[in-house]
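What follows is the residue order along each chain.
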Amino acid sequence: MSGAASCLLTEDQFLCSICLDVFTDPVTIPCGHNFCKTCITKHWDINVPYQCPNCNKVFYTRPELQVNTFISEMAAHSLEQQVSEPGDVPCDVCSGTKLKALKSCLVCLVSYCEFHLEPHLTVSRFKRHQLIDPVENLEGRMCPKHDKLLELFCKTDQTCVCMLCTVLDHKTHNVVPLKEEYEGKKAELGKTEAEIQQMIQKRRMKIEEIKHSVELSKEDADRETADGVQVFTALKESVERSQAELIDTIKEKQRKTEKQAEGFIKELEQEISELKKRSTEVEQLSQSEDHLHLLQSCTSLNAAPPTKDWTEVSVRPPSYEGTVVRAVNQLEETLSKQMKKLFEAELKRVQQSAVDLILDPDTAHPWLILSDDGKQVNCGDVWKNLPDNPERFDHCSCVLAKQSFSSGRFYYEVQVKGKTEWDLGVVRESVNRKGSIALTPQNGYWTICLRNENKYKAGAGPAVRLSLKSRPEKVGVFVDYEEGLVSFYDDDAAALIYSFTGCCFTEKLHPYFSPDLNHGGKNSAPLIITPVNHTE
């Protein structure tokens, strides 16, 4: 019932017609009209006879006031719903409990609750006032200099101004209505919001990309761990097996030595037994007083005793020379096989980062001859008349690739077959290209080279001699920019030649090629950038 009644009541029915505010202790008089108890009491204290302020009905005796519990509860309920809370804009008109403002008037510079807003919705002269959503500090919307409403915008000074400002301080400035600038700024904000949302979306996508990279990294780490454990388990088993075989070999030699010694000892002990027996016979015969018997028995005793000559007989400790060395060599062969498998797997992985390179003729030394497709370079005997641009090397017979890299990984392969000298690697984009150059990391060069047909070096500053089991015919170059790694591989042997580690790259890197001098045709073979044949 209360819900139905609430729907039938209008906002005016919650207002006292005397104070025009929400009922406080509402009471009903005999004619049926309601008032605040204090309001009607004060009214009748002053005005006699007692008359209803609404319908003007006269009561000749002061009526008894009846508390209107229904209106009281409904008014209290309405008040609770509309009481201003922290963060709300309060009504400037409400006395006592401040209700929540519904609108602010830019003409009156006052904020009104639902009840006190009524005149602005019904009275014609108030209807022309500009109402906005409730805001605090309405005084801040007034020009502090002229005390007029800030309703214009000066585009020249980018500030809000009043009408007087346009006549005085901003007379020659570009001034537009506040609404016009508002619409423009709102459109800009809409565009900015769209851009921000796009940036947010891009960053969310980047987060997903990073998360995916972490997942891939974890998969790689798990795979590397599993492969590493497998390799080291095999190596450990091989070491344990080789150790066991070595111990068995040594024990077997010792066992043979002990068996030989036991045979000699047994034979010697048998001879000692025979000799003791002969000794007893000699002793007995020497004590005989029978002349004939002694003489006859001496003949048989003079025969050779049942023994052999032990002068040259000996037990020699077994020789262990080469036993451990052979075991280690066998282990080294096993390790080499495992290492080859590892390098083959590693080469297969780095080849996934293969890039297609083209040589840059603008960087080539004038002696160099580049193929039309930009894949080959060799050194000629004729100095070509080329522009001496800043990119060109004028002393070292080298050339760079057009492509440069400032992140990630890249790999390429170069055929060096038939050459007696060459240099390969990567360089910083800003390296000095004029005059004599030392190929060291300090100067921005990470290279390896061949000299005199079989002398390989890494330009580590100082140079490092490289001992290679075979002469590479195709060299692979791998770079991991973020890891600071430059590695060189013998592609055919699937072997690591050399690695620069812990490098600090801060700018673009270019692949570097030097076929070196022709040397009368001995080193005329070209360096050839070859397609990467991914190892299956």
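About the thresholds
- Residues numbered from 1 in each chain as written.
- Predicted model: local features only at pLDDT ≥ 70, side-chain atom pairs only at ≥ 80, totals over all residues.
- Heavy atoms only, no water.
- Helix = DSSP H or I, 4+ residues; strand = E, 2+ residues; numbered from the N terminus.
- Rg over C-alpha atoms; globule rule 2.2 N^0.38 Å.
- Buried < 20%, exposed > 50% of the residue type's maximum accessible area, 1.4 Å probe, protein only.
- Contact = heavy atoms within 4.5 Å.
- Areas by Shrake-Rupley, 256 points an atom, 1.4 Å probe, with all protein chains shown as cover.
- Lys, Arg positive; Asp, Glu negative; His and termini not counted.
- Charge placed at Lys NZ, Arg CZ, Asp CG, Glu CD.
- Polar contact = N/O pair within 3.5 Å; in protein donor to acceptor, adjacent residues only side chain to side chain.
- Pairing = 2+ DSSP bridges.
- pLDDT = per-residue confidence, 0-100.
- Axes fitted to C-alpha atoms, helices over the stretch in contact; angles between N-to-C directions.
- Parallel < 35°, antiparallel > 145°, perpendicular 65-115°, else oblique.
- Left-handed = near helix turned anticlockwise from the far one by under 90°.
- Nonpolar A, V, L, I, M, F, W, Y, C, P; charged D, E, K, R; others polar.
- Phe/Tyr/Trp six-rings, centres within 6.5 Å; stacked < 30°, edge-to-face > 60°.

(A) Quick peek at the overall build of the protein chain. Scanning the protein chain for helices and strands turns up 9 helices and 24 strands. Relative to a compact globule of 536 residues, whose C-alpha radius of gyration would be 24 Å, the protein chain shows 55 Å and is clearly more extended. Per-residue burial for the protein chain yields a buried fraction of 33% across its 536 residues. Long-range pairs, those at least 24 residues apart, make up 56% of the contacts in the protein chain between residues at least 6 apart in sequence. Summed over all atoms, the accessible surface of the protein chain reaches about 33800 Å², with 53% contributed by carbon and sulfur. The averaged location of the 80 negative side-chain charges in the protein chain is 4 Å from the averaged location of its 64 positive side-chain charges.

(B) Fine view of the side chain of Ser111. Among the secondary structure elements, Ser111 is positioned in strand E7 (residues 110-113). Since its relative accessible area comes to 2%, Ser111 is described here as buried. At a separation of 2.7 Å, a polar atom in the side chain of Ser111 contacts the side chain of Ser104. Not counting chain neighbours up to four residues away, the residues in contact with Ser111 comprise Val89, Pro90, Cys91, Asp92, Val93, Ala101, Lys103, Ser104, Val135 and Leu138.

(C) Spatial organisation of the sheet that holds strand E6 (residues 101-105). Read across the sheet, 3 strands follow the order E7-E6-E8 without closing on themselves; strand pairing throughout is antiparallel. Edge positions in the open sheet fall to E7 and strand E8 (131-132), since each of these has one partner strand only.

(D) Just the pairing of strand E20 (residues 474-480), in detail. Here E20 lies mainly inside the structure; 7 of its 7 residues are buried. Taken together, the 7 bridges between strand E15 (residues 409-415) and E20 define a ladder with antiparallel strand orientation. Residue pairing for E20: Val414 is matched across the bridge by Val475. Sheet topology note: the E20/strand E21 (residues 485-490) ladder contains 6 bridges and is antiparallel. Within E21, the residue paired with Gly476 across the bridge is Tyr489. The antiparallel hairpin formed by E20 and E21 contains 4 residues in its connecting segment, where Gly484 sits at a positive phi of about 70 degrees.

(E) Structural context of the confidence of the model for the protein chain. On average, residues of the protein chain carry a pLDDT of 87, and 93% of them reach 70 or more. The low-confidence segment residues 1-9 (pLDDT under 50) makes 7 contacts with residues lying over four places distant or belonging to another chain.

(F) Here's a closer look at the packing of helix H7 (residues 178-286) against helix H9 (residues 323-350). At a minimum axis separation of 9 Å, H7 and H9 run at an interaxial angle of 170 degrees. Viewed along their axes, H7 and H9 adopt a mutual orientation that is roughly antiparallel. With respect to the hand of their crossing, H7 and H9 are arranged in right-handed fashion. Counted together, Glu224, Val231, Ala234, Leu235, Ser238, Val239, Ser242, Glu245, Leu246, Thr249, Ile250 and Lys253 of H7 and Thr323, Val324, Ala327, Gln330, Leu331, Thr334, Leu335, Gln338, Leu342 and Arg349 of H9 form the full contact between these two elements. Partitioned by chemical class, the residues of the contact of H7 with H9 number 11 nonpolar, 7 polar and 4 charged.

(G) The arrangement of the side chain of Ser353 in detail. Structurally, Ser353 can be placed in the loop between H9 and strand E12 (368-370). We classify Ser353 as buried; its relative accessible area is 15%. The contacts of Ser353, once residues within four sequence positions are left out, are Arg409, Phe410, Tyr411 and Phe478.

(H) Broad picture of the environment of Thr122. Topologically, Thr122 is positioned in helix H4 (residues 118-122). Taking the C-alpha atoms as reference points, Thr122 and Lys171, 49 residues apart in sequence, are found 39 Å from one another. Engagement of the side chain of Thr122 in a polar contact is seen with the backbone oxygen of Glu118, the distance being 3.0 Å.

(I) Up close: the packing of aromatic side chains. Overall, the coordinates contain 12 aromatic pairs when judged by the stated rule. Where Tyr412 meets Phe513, the ring centres are 5.7 Å apart and the plane angle is 50 degrees; that geometry is what we call tilted. Note that Tyr412 is positioned in strand E15 and Phe513 in strand E23 (residues 509-514), a separation of 101 residues in sequence. The class for Tyr412 is buried, based on a relative accessible area of 1%. An angle of 70 degrees between the planes, with centres 6.3 Å apart, marks the rings of Phe488 and Phe500 as edge-to-face.

(J) Up close: the sheet that holds strand E19 (residues 464-466). Spatially, E14-E23-E16-E17-E18-E19 is the arrangement adopted by the 6 strands of the open sheet, whose pairing is antiparallel. In the strand order of this sheet, the two ends are held by strand E14 (399-400) and E19, each with one partner. Summarising the sheet, strand E16 (residues 422-428) and E23 pair through 6 bridges and their orientation is antiparallel. Looking at E23, one finds that Val426 is bridged to Pro511.

(K) Layout of unusual backbone geometry. The amide bond that connects Gly461 to the next residue, Pro462, takes the cis arrangement and shows omega of 5 degrees. Mapping Pro462 onto the fold places it in the loop between strand E18 (455-458) and E19. The backbone of Leu109 shows a phi angle near 55 degrees, a positive value even though the residue is not glycine. Structurally, Leu109 can be placed in the loop between E6 and E7. Look at Gln158: it is not a glycine, yet its phi comes out positive at around 55 degrees. Relative to the elements of secondary structure, Gln158 occurs in the loop between strand E9 (152-154) and strand E10 (159-161).

(L) Structural view of the environment of Thr28. Positionally, Thr28 belongs in strand E1 (residues 26-28). For the pair formed by Thr28 and Ile71, sequence separation is 43 residues and the distance between their alpha carbons is 9.5 Å. The contacts of Thr28, once residues within four sequence positions are left out, are His33, Asn34, Glu64, Leu65, Gln66 and Asn68. Among the polar contacts listed, one links the side chain of Thr28 to the side chain of Asn34, at a separation of 2.5 Å.

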